[in-house]
2 protein chains.
Amino acid sequence: MPTTSEPPTRIDQIRLTAERLFRERGYLATSVRDIGEAVGMRGASLYHHIGGKEDLLWAIASRAADGFFAALRPILAEEAAAPLKLRRAIIAHIGVITANLDAAAVYFNEWRHLSDERRTEFLRRRDEYEAGFRAILWQGIREGHFAAIDEKFAARFVLSALNWTHQWYRPDGAMPPETIGQTLADYLLNGLSQALPISPA
Amino acid sequence: MPTTSEPPTRIDQIRLTAERLFRERGYLATSVRDIGEAVGMRGASLYHHIGGKEDLLWAIASRAADGFFAALRPILAEEAAAPLKLRRAIIAHIGVITANLDAAAVYFNEWRHLSDERRTEFLRRRDEYEAGFRAILWQGIREGHFAAIDEKFAARFVLSALNWTHQWYRPDGAMPPETIGQTLADYLLNGLSQALPISPA
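Worth saying up front: this structure is predicted, and the values here are computed from it rather than measured. (Residues numbered from 1 in each chain as written. Chains lettered and ligands numbered in written order. Predicted model: local features only at pLDDT ≥ 70, side-chain atom pairs only at ≥ 80, totals over all residues. Heavy atoms only, no water.)

(A) Structural context of the overall build of chain A. The secondary structure content of chain A amounts to 10 helices and 0 strands. The order of helices and strands in chain A, counted from the N terminus, is α-α-α-α-α-α-α-α-α-α. In terms of overall dimensions, chain A has a C-alpha envelope of 75 × 40 × 40 Å along the principal axes. Out of the 201 residues in chain A, the part that is buried amounts to 48%. Residue pairs in contact within chain A that sit at least 24 positions apart in sequence constitute 68% of those at least 6 positions apart. When the accessible area of chain A is evaluated, it comes to approximately 10,000 Å², of which 53% is carbon and sulfur surface. The average position of the 24 basic charges and that of the 25 acidic charges among the side chains of chain A differ by 3 Å. (Helix = DSSP H or I, 4+ residues; strand = E, 2+ residues; numbered from the N terminus. Buried < 20%, exposed > 50% of the residue type's maximum accessible area, 1.4 Å probe, protein only. Contact = heavy atoms within 4.5 Å. Areas by Shrake-Rupley, 256 points an atom, 1.4 Å probe, with all protein chains shown as cover. Lys, Arg positive; Asp, Glu negative; His and termini not counted. Charge placed at Lys NZ, Arg CZ, Asp CG, Glu CD.)

(B) The arrangement of the pattern of salt bridges in detail. Considering all chains together, one arrives at 32 salt bridges over all chains under this definition. Via salt bridges that share partners, Asp127(A), Glu130(A), Arg134(A) and Arg156(A) belong to a single interconnected network. (Salt bridge = Lys/Arg side-chain N within 4 Å of Asp/Glu carboxyl O.)

(C) Quick look at the confidence of the model for chain A. Residue and element names in this part refer to chain A. Averaged over all residues, the pLDDT of chain A equals 91, while 94% of them reach at least 70. By mean pLDDT, helix 3 (residues 43-50) is the weakest element of chain A at 81, and helix 5 (residues 82-99) is the strongest at 98. Note that residues 196-201 has pLDDT below 50 and, in this model, 3 contacts with residues that lie over four places away or in other chains. Taken together, the chains of this predicted complex give a pTM of 0.88 and an interface ipTM of 0.85. (pLDDT = per-residue confidence, 0-100.)

(D) Structural view of the interface of chain B and chain A. On the chain A side, the residues contacting the 42 residues of chain B number 42 residues. Taken together, both faces of the contact between chain B and chain A bury some 3,700 Å²; the carbon and sulfur share is 66%. On the chain B side of the contact with chain A, Phe153(B), Trp164(B) and Leu192(B) bury the most area, a combined 23% of that side's loss. Across the chain B-chain A interface, the total number found is 0 salt bridges. Here chain B and chain A share 10 residue pairs in polar contact (both at pLDDT 80 or more) between them. For the side of chain B that touches chain A, the secondary structure elements donating two or more residues are helix 1 (10-25), helix 6 (101-109), helix 8 (151-163), helix 9 (165-168) and helix 10 (177-190) of chain B. Considering each element in turn, the side of chain B that touches chain A owes the most residues, 8 residues, to helix 8 of chain B. Partitioned by chemical class, the residues of the side of chain B that touches chain A number 23 nonpolar, 13 polar and 6 charged. (Buried area = accessible area lost by both parts, 1.4 Å probe. Polar contact = N/O pair within 3.5 Å; in protein donor to acceptor, adjacent residues only side chain to side chain. Nonpolar A, V, L, I, M, F, W, Y, C, P; charged D, E, K, R; others polar.)

(E) Expanded view of the environment of Leu16(A). One can find Leu16(A) in helix 1 (residues 10-25). Spatially, the C-alpha atom of Leu16(A) lies 17 Å from that of Pro171(A), the residues being 155 residues apart in sequence.

(F) Examining the packing of helix 5 of chain A against helix 7 (residues 116-142) of chain A more closely. Residues and elements named next belong to chain A. The geometry of helix 5 relative to helix 7 is characterised by a closest axis approach of 8 Å and an angle of 155 degrees between their N-to-C directions. Regarding the angle of helix 5 to helix 7, the classification is roughly antiparallel. Judged by the sense of rotation from one axis to the other, the crossing of helix 5 with helix 7 is left-handed. Contacts from Ala82, Lys85, Leu86, Ala89 and His93 in helix 5 reach Tyr129, Phe133, Ile136, Leu137, Gln139 and Gly140 in helix 7. (Axes fitted to C-alpha atoms, helices over the stretch in contact; angles between N-to-C directions. Parallel < 35°, antiparallel > 145°, perpendicular 65-115°, else oblique. Left-handed = near helix turned anticlockwise from the far one by under 90°.)

(G) Geometry of helix 6 of chain B. Residues and elements named next belong to chain B. Burial of helix 6 is extensive: 8 of the 9 residues sit out of reach of the surface. Of all the positions in helix 6, only Leu101, Asp102, Ala103, Ala104, Ala105, Val106, Tyr107 and Phe108 are classed as buried. The residue sitting at the N-terminus of helix 6 and contributing the capping side-chain oxygen is asparagine 100; that oxygen lies 3.3 Å from the backbone nitrogen of aspartate 102.

(H) Examining the relation of the copies chain B and chain A more closely. Superposing chain B onto chain A takes a rotation of 180 degrees combined with a translation of 0.0 Å along the rotation axis, leaving an RMSD of 0.0 Å. What we have between these two chains is a two-fold relation. Most of the interface of chain B is mirrored in chain A: 100% of its interface residues are interface residues there too. (Least-squares fit on C-alpha atoms with pLDDT ≥ 70 in both.)

(I) Structural detail: empty space enclosed by the protein. Counted by the stated rule, this structure contains 3 cavities of 30 Å³ or more. By volume, the largest cavity amounts to about 50 Å³. Looking at the lining of the largest cavity, the elements with two or more residues in it are helix 8 (151-163) of chain A together with helix 9 of chain B. Looking at the lining of the largest cavity, the element that brings in the most residues is helix 8 of chain A, giving 4 residues. Residues of the lining of the largest cavity, tallied by class, amount to 6 nonpolar, 2 polar and 1 charged. Every residue along the wall of the second largest cavity is listed here: Ala161(A), Thr165(A), Trp168(A), Leu184(A), Phe153(B), Arg156(B), Phe157(B) and Ser160(B). (1 Å grid on protein atoms, 1.4 Å probe; cavity = no way out; pocket = protein on both sides within 12 Å on 5 of 7 lines; lining within 4 Å. Points joined across faces, edges and corners; volume = space filled by probe spheres on them.)

(J) Examining the layout of surface pockets more closely. Its boundaries defined by the atoms lining it, the second largest pocket holds a volume of some 550 Å³. Of all the secondary-structure elements, those providing two or more residues to the lining of the second largest pocket are helix 6 (101-109), helix 7 and helix 8 of chain A together with helix 1 and helix 9 of chain B. Its residues assigned to classes, the lining of the second largest pocket shows 7 nonpolar, 4 polar and 9 charged.

(K) Up close: the packing of aromatic side chains. Residue and element names in this part refer to chain B. In this structure the tally under the stated criterion is 27 aromatic pairs over all chains. Each ring, one from phenylalanine 68 and one from tyrosine 107, has its centre 5.0 Å from the other, and the planes form 45 degrees; the classification is tilted. Taken together, the residues span a long stretch of sequence, with phenylalanine 68 in helix 4 (residues 53-76) and tyrosine 107 in helix 6 at a distance of 39 residues. Here phenylalanine 68 falls in the buried class, since its relative accessible area comes to 2%. We note lysine 53 situated over the ring of tyrosine 27; from NZ or CZ to the ring centre the distance is 4.1 Å. The lysine or arginine in question, arginine 112, covers the ring of tryptophan 111, its NZ or CZ lying 4.9 Å from the ring centre. (Phe/Tyr/Trp six-rings, centres within 6.5 Å; stacked < 30°, edge-to-face > 60°. Lys NZ or Arg CZ within 6 Å of the ring centre and 35° of its normal.)

(L) Main features of the side chain of Lys85(B). Residues and elements named next belong to chain B. Along the polypeptide, lysine 85 turns up in helix 5 (residues 82-99). For the buried lysine 85, no salt bridge is present, and the opposite-charge side chain at shortest range is glutamate 78, 6.6 Å distant. Among residues more than four places away in sequence, those in contact with lysine 85 are Ile75, Leu76, Glu78, Ala80, Ile136 and Gln139.

Written out as structure tokens, the structure reads:
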């Protein structure tokens, strides 16, 4: 229904531009002036929209966190076996990363430049998200689907293997996000090894 | 033999300081003056040692690449089954990361700020290193130890799962690097799933 679709608001334009610049140059090396020049706004008018540069970083990081939570929450609520839930959570996570690479890069790399209070809150939410993966892993261990792993270390392992996607994924590449998610789920659930056929000698 | 051990040279001090600052603030947000202040040297004297800031980044990135290669090369030359080689390569890689977290962070995150020619050379060497992992995977596929995976994607997957270590590893943490390497090798080789015991119902 194109008649009801809204054009991007000024604040959306500013946010998307800031995401790109923070990703390309890093937060510290990007000035409000740089953002203003890229969107064609002067400082005073820009500050009216965003507050300060750190407010913009906070808005980007919070919005990215919201996106990860929104994708994971329905999967956590499912009645399903843990391996299937983990597979769905992996695909959802890859979906969020690949849908906005700039925001993902800021979420993964630039949060350390948040002010103390906001950094604490950011890390609390990130841990809460990771706890969703821990819950799936714990369910799988309890039900005998997963090996008796340390679910805290394993959750970090899974997310680490997924998060790097933001570094190499290209929207015009050969693998669509769903295929990347399925393949990573195969590797993470089953490992690279396979049972060897019984061989002579 | 402590009598033969050399004190760190001036250039070592400068490099270690630059690694730390590049990691903490990012390359773009670190000036030669910042580095000079941290090591107690003036600009002119500092430039005498390092050339420019980008020369320092290049020196750090190249040295880190040398470290990864030095750890992997003897493993590639071994006559051993692919799963054992992969395990050793994983432990070696974790060893290099954890031995110098600052250098690893610069190697993983700041190389993009190298000049075009050096960035091309850096990426060529990084791909050459990744090719070592591809060779191990390909050996394992050929010999039937590994599933019929895409060894290029799988090599990137393995390195991604390992590289994140530089983000969370703390030298005073509970897991020594060798244990981290062994655990990650278990996960990567065998996956999180286990065969379910045959159960009634």
